[in-house]
Amino acid sequence: MRSTIPAKIDWLQGLSLPSNWSESKVKYLAPGMQAGEAITAESIEPFGTYPVYGGNGLRGYTEAKTHHGTRILIGRQGALCGNVHLVSGEFWASEHAIVACAANAVDSRWLAYLLHVMNLGQYSQTAAQPGIGTAQINALPVPVPSPSEQRAIADYLDRETARVDTLIEEQQRLIEMLRDRRTAVIAYATSQGADVELRRVIAVLRQGWSPNCESWPADGVEEWGVLKVGCANTGRFEPTENKRLPDNVTPRPELAVRHGEIVMSRSNTKDLVGAAAVVNGIYPRLLLSDLTYGLSLTDEADPAFVAYALGSPGLRVQIRAASKGMSHSMQKISQRDIRELRVRLPALDEQRHVAAYLDGQTAKIDALIAETERFIELARERRAALITAAVTGQIDVREMV
């Protein structure tokens, strides 16, 4: 058990440091840090000779370079400013990254881990467009072990984080398999019946409105709210995905969602445009937005079955083909195109039977996915805790093999 002394560094929040560690500032560990060089979007390609790194990692490739060797890149602009990446080789560092080179006798890997723990984004000076500069980073105090212990910490963290990362990757593959299974179950179960245009079973197709709303959600019962486009993204209706209607805006009760109605996203990303879910519940003050449609069906169709069918691979192909937009970031589907979608409809009793079967099957799969996602979250927390403990001297990695 090695001796410790109280740390004088504010961000360590009262932790004790090993007595043989010193305290310094970032500018002495990585002297001369500066922003990268500007590069146009047209100069960045999916493939090329040299990687281009921005403030959040790899952006693409180009035919010129600005640096070679091992460098620490820190995001300097945007919501993810303060991100830390360790890169090696020949590369272009864009103006969105701060480039740091570890001083002699300072281990670059250890320093990258340390900067990551320091949560540099908290030192951003503006809220509208977050940004951090070299002056703020250089002035920050840091705990410094000996060069040999820096290497030991880096070796330990390289090994342990690699194990955690491998475990996380395995769990992410499991989630992909479960999602594929979910899709396959829905595809098979909704593949039978007469091939008809959706217009045949649509009784009402309506679009909402777009008032200026606050960012926090309403409860949909006592407070007026307008649905956000993500309310149907998962295939299950999410009433909390809404924005509260301001008191000075007159609500439109006729646009309230209806129990048993299918809510569909009118405008969304390419993979999610047309996402559909059935409203299960009564929400008299929850209104359709201009980014959502409400579909009420005739007595020939079961809403739950049709919603599942709209999420099947065959219908997703149709929806993507019918959607229009300038980029992958936002696509739109028209009411006419929705009416022209072709769906297979068995007899009504069979639709209900299939929908009930899919409710059970997808609930099981969704529960497994949620459990796996929680496992990944815990693994990431453990990874972060390991790094923090090692770079602040709370564990002596020299004793670990």
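Scroll up to find the structure this text is about.
Residues numbered from 1 in each chain as written. Predicted model: local features only at pLDDT ≥ 70, side-chain atom pairs only at ≥ 80, totals over all residues. Heavy atoms only, no water.

For the protein chain, the count of helices and strands is eight helices and 22 strands. Here the protein chain has a C-alpha radius of gyration of 27 Å; the compact-globule value for 401 residues is 21 Å, and the former is much larger. Its C-alpha atoms give the protein chain principal-axis dimensions of about 80 × 50 × 45 Å. Per-residue burial for the protein chain yields a buried fraction of 45% across its 401 residues. Total accessible area on the protein chain is roughly 20,600 Å²; 52% of this is exposed by carbon and sulfur atoms. Treating the 43 positive side-chain charges of the protein chain as one cloud and the 46 negative ones as another, the clouds have centres 2 Å apart. (Helix = DSSP H or I, 4+ residues; strand = E, 2+ residues; numbered from the N terminus. Rg over C-alpha atoms; globule rule 2.2 N^0.38 Å. Buried < 20%, exposed > 50% of the residue type's maximum accessible area, 1.4 Å probe, protein only. Areas by Shrake-Rupley, 256 points an atom, 1.4 Å probe, with all protein chains shown as cover. Lys, Arg positive; Asp, Glu negative; His and termini not counted. Charge placed at Lys NZ, Arg CZ, Asp CG, Glu CD.)

With the rule as written, the count across this model stands at 22 salt bridges. A salt bridge links Asp155 to Arg109, with the nearest nitrogen and oxygen atoms 2.8 Å apart. A residue pair is termed long-range when its members are at least 10 positions apart, and Asp155 in helix H4 (residues 147–189) and Arg109 in helix H2 (residues 108–117) qualify at 46 residues. Residue classification places Asp155 among the partly exposed residues on the basis of a relative accessible area of 40%. Overall, the relative accessible area of 25% leaves Arg109 in the partly exposed class. Where Arg200 meets Glu300, a salt bridge forms, and the shortest distance between an N and an O atom there is 3.2 Å. Of this pair, Arg200 sits in the loop between strand E11 (194–197) and strand E12 (202–207) while Glu300 sits in the loop between strand E19 (292–297) and helix H5 (303–310), placing them 100 residues apart in sequence. Overall, Arg200 belongs to the partly exposed group, its relative accessible area being 47%. (Salt bridge = Lys/Arg side-chain N within 4 Å of Asp/Glu carboxyl O.)

By the secondary structure assignment, Thr66 is in the loop between strand E6 (57–62) and strand E7 (67–75). Polar side-chain contacts of Thr66 include one of 2.9 Å to the backbone nitrogen of Ala93. Once residues lying within four places of it in the same chain are set aside, the contact partners of Thr66 are Glu37, Phe91, Trp92 and Ala93. (Polar contact = N/O pair within 3.5 Å; in protein donor to acceptor, adjacent residues only side chain to side chain. Contact = heavy atoms within 4.5 Å.)

The next subject is the sheet that holds E7. Read across the sheet, six strands follow the order E4-E9-E7-E8-E5-E6 without closing on themselves; strand pairing throughout is mixed. Single-partner strands in this sheet number two, and they are strand E4 (34–35) and E6. Inspection of the sheet shows strand E5 (residues 50–54) paired to strand E8 (residues 84–93) by two bridges, in the parallel sense. The partner of Val52 across the bridge, within E8, is Trp92. (Pairing = 2+ DSSP bridges.)

Here we come to the packing of H2 against helix H8 (residues 348–391). As a packed pair, H2 and H8 sit with axes 9 Å apart at the nearest point and diverge in direction by 115°. Classified by the angle their axes make, H2 and H8 are roughly perpendicular. Crossing handedness for the pair H2 and H8: left-handed. Across from Trp110, Tyr113, Leu114, His116 and Val117 in H2, the residues of H8 making contact are Ile387, Thr388 and Val391. Of the residues that constitute the contact of H2 with H8, the class distribution is six nonpolar, two polar and no charged. (Axes fitted to C-alpha atoms, helices over the stretch in contact; angles between N-to-C directions. Parallel < 35°, antiparallel > 145°, perpendicular 65-115°, else oblique. Left-handed = near helix turned anticlockwise from the far one by under 90°. Nonpolar A, V, L, I, M, F, W, Y, C, P; charged D, E, K, R; others polar.)

Using the criterion set out here, one finds two aromatic pairs in the structure. Measuring from ring centre to ring centre gives 5.6 Å for Tyr53 and Phe91, while their planes differ by 75°; the resulting arrangement is edge-to-face. Taken together, the residues Tyr53 in strand E5 and Phe91 in strand E8 connect sequence positions 38 residues apart. Across this residue pair, the class does not change: Tyr53 and Phe91 are buried. (Phe/Tyr/Trp six-rings, centres within 6.5 Å; stacked < 30°, edge-to-face > 60°.)

Reading across from one edge, E14-E13-E18 is the order of the three strands in this open sheet, with mixed pairing throughout. Looking at the sheet topology across the chains shown, the edges are occupied by strand E14 (242–244) and strand E18 (286–287). Here strand E13 (residues 225–227) runs beside E18; their pairing, made up of two bridges, is parallel. From the neighbouring strand, Val226 faces E18, where its bridge partner is Leu287.

Core analysis: the largest hydrophobic core is formed by 42 residues, its most contacted members being Trp110, Leu111, Leu115, Met118, Leu120 and Val391. Every element with two or more residues in this core is listed here: helix H1 (26–29), E7, strand E9 (97–100), H2, strand E10 (141–144), H4 and H8. Take this core: its biggest share by element is seven residues, from H2. Among residues more than four places away in sequence, those in contact with Met118 are Trp11, Val26, Tyr123, Leu140, Pro141 and Val142. Ranked by size, the runner-up nonpolar core spans 34 residues in total, among them Leu205, Val273, Tyr293 and Leu295. (Core = buried A, V, L, I, M, F, W, Y, C linked by side-chain atoms within 4.5 Å.)

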